[in-house]
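Next come the chains, spelled out residue by residue.
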Amino acid sequence: MRIQRISAYRVELPLHEGSYKWSGGKSVTVFDSTVVRIDTDAALTGWGEVCPLGPFYLPAYANGVRAGITELAPHLIGENPLELGKLNVRMDAALKGHAYIKSGIDMACWDLLGKATGQSACTLLGGRSGDDFALYRAISQEEPDAMAGKVGGYRAEGYRRFQLKVGGDPDVDIERIRAVAAQLKPGDRLVADANTGWRMHDALRVVRAVRDIDVYIEQPCLTYEECLTVRKHTDHPFVLDEVIDSLDVLLRGHGDRAMDVVNIKISKFGGLTKARQARDLCASLGVAMTLEDSWGGDIVTAAIAHLAHSCPPEAFFSATDFNSYVTVSIAEGAPQRKNGRMAASTSPGLGISPRREVLGKPLLVIE
């Protein structure tokens, strides 16, 4: 099988709640997602998706995905999309860095591998564990009472894990954590995610002030070293996210005892191939994981589901249902949240069929 054509589509994904806000006053109202299509000489088509969380979250932006595909795709025409290791070496040789640009291409190749072999991506990624897996719900940053007021509604939808967006004024964040924690019930878990928003001295104040609260502290500061310092001064379970982008930092973090949980985002690693490597390494090291991506619609959600559902249960912490947050469906067959949980499709590949009427015409076609 050979790649004949790589196309990219742009789709807007508005939010049900109007906006999504996190540290530093950052917010998004409509996500700009890129859907990748790979056509082969075997009459099979694979689909992927990449959706950065705006241009101010990670070193990634929506137009960069499409510009990068324009640069990278000519080097992949004629390659075998089923040889995923070889293909990733080829991508890394043709375009240094920019892992997020490669993610949609790699994802589409996993879709093709599943279709070619008649197996779901979940089976190919390691095998299905259990009937479904738990999801978390992000609580967009607002005033403390407003954030606390959302817990009951989210719990009614089945969520039991809540990711509270903090990383602002430390005194207000202390109120946010306390207000939301007061709404929890036995079995709930709370993560206070600062998204790198605190200075180290403020992070130290916050963790000391909420020492009596059962809460995970996630990515309090910008750098690994700052986060490690905070980690050493708190007995809260500790999560790293933004700095987790390679096997090297996972090994370093494990050696330093820098975290209890990590967030593995598919596009930050460059696709499912490398995200699976990170997942399996964490499982062998005993580090729990949230498996997700920066953002996305139905196709990204499907990829998350396959990666999460094939994770060993003892290493799994949570995952994300991005297609529940947005108002536009871009594919049929995508997994749907049920009582705060989700299951990967058993159909070949990612198990999705894009809605062509939503995607429209491709922005670019390389063949």
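For the structure itself, consult the block above.
Everything quoted here is computed from the prediction, not taken from an experiment.

What counts, and where the lines are drawn
Residues numbered from 1 in each chain as written. Predicted model: local features only at pLDDT ≥ 70, side-chain atom pairs only at ≥ 80, totals over all residues. Heavy atoms only, no water. Helix = DSSP H or I, 4+ residues; strand = E, 2+ residues; numbered from the N terminus. Contact = heavy atoms within 4.5 Å. Buried < 20%, exposed > 50% of the residue type's maximum accessible area, 1.4 Å probe, protein only. Arc of directions from axis to C-beta. Salt bridge = Lys/Arg side-chain N within 4 Å of Asp/Glu carboxyl O. Pairing = 2+ DSSP bridges. Axes fitted to C-alpha atoms, helices over the stretch in contact; angles between N-to-C directions.

Caption draft 1: Looking closely at the environment of A60. Mapping A60 onto the fold places it in the loop between strand 5 (45–50) and helix 1 (62–72). The sequence separation of A60 and F162 amounts to 102 residues, and the corresponding C-alpha distance is 26 Å. If near-sequence neighbours (up to four positions away) are discounted, A60 is found in contact with P52, G54, P55 and Y100.

Caption draft 2: Region of the structure containing helix 2 (residues 84–94). Here helix 2 has its buried residues at L84, L87, N88 and M91. Each buried residue of helix 2 sits inside an arc of 100 degrees when the element is viewed along its axis, so together they form one side. Exposed side chains of helix 2 directed beyond 90 degrees from the buried face belong to V89 and A93. Buried residues belonging to helix 2 abut strand 1 (3–14), helix 1, helix 3 (99–117) and helix 12 (272–285).

Caption draft 3: Spatial organisation of the pattern of salt bridges. Overall, the coordinates contain 32 salt bridges when judged by the stated rule. Of the charged contacts, one joins K274 and D92 as a salt bridge, the two residues approaching to 2.5 Å between their closest N and O atoms. Taken as a pair, K274 in helix 12 and D92 in helix 2 lie far apart in primary sequence, 182 residues in all. By relative accessible area, which is 23% here, K274 ends up partly exposed. Owing to a relative accessible area of 26%, D92 belongs among the partly exposed residues under this scheme. Here D241 makes a salt bridge to K268, at a shortest N to O gap of 3.2 Å. Note that D241 is positioned in the loop between strand 11 (238–240) and helix 10 (247–256) and K268 in helix 11 (residues 266–269), a separation of 27 residues in sequence. Taking the relative accessible area as the measure of exposure, D241 reaches 1% and is therefore buried.

Caption draft 4: Spotlight on the environment of Y136. Tracing the backbone shows Y136 in strand 7 (residues 136–139). For Y136, a relative accessible area of 8% puts it in the buried group. In this structure the C-alpha to C-alpha distance between Y136 and A319, which are 183 residues apart in sequence, comes to 6.2 Å.

Caption draft 5: Molecular detail of the pairing of strand 4 (residues 30–40). Most of strand 4 sits inside the fold, with 10 of its 11 residues counted as buried. Where strand 4 lies against strand 5, six bridges are found, and the strand directions are antiparallel. Looking across to strand 5, one finds that T34 is bridged to V50. Here strand 4 hands over to strand 5 after four residues, with A43 in that stretch at a positive phi of 65 degrees.

Caption draft 6: Looking closely at the sheet that holds strand 4. Taking strand neighbours across the sheet as the criterion, the four strands line up as 5-4-1-18 in an open arrangement whose pairing is antiparallel. Looking at which strands have only one partner, the edges of the open sheet turn out to be strand 5 and strand 18 (364–366). Recorded for the sheet is a direction-independent mean angle of 20 degrees between the axes of neighbouring strands. Pairing of strand 1 with strand 18 involves three bridges; the strand directions are antiparallel. Paired with A8 across the bridge in strand 18 is L364. Seen against the sheet, helix 1 touches strand 1, strand 4, strand 5 and strand 18 and runs at an angle of roughly 20 degrees to strand 4. Sitting on the sheet, helix 3 is in contact with strand 4 and strand 5, with an inclination near 150 degrees to strand 5.

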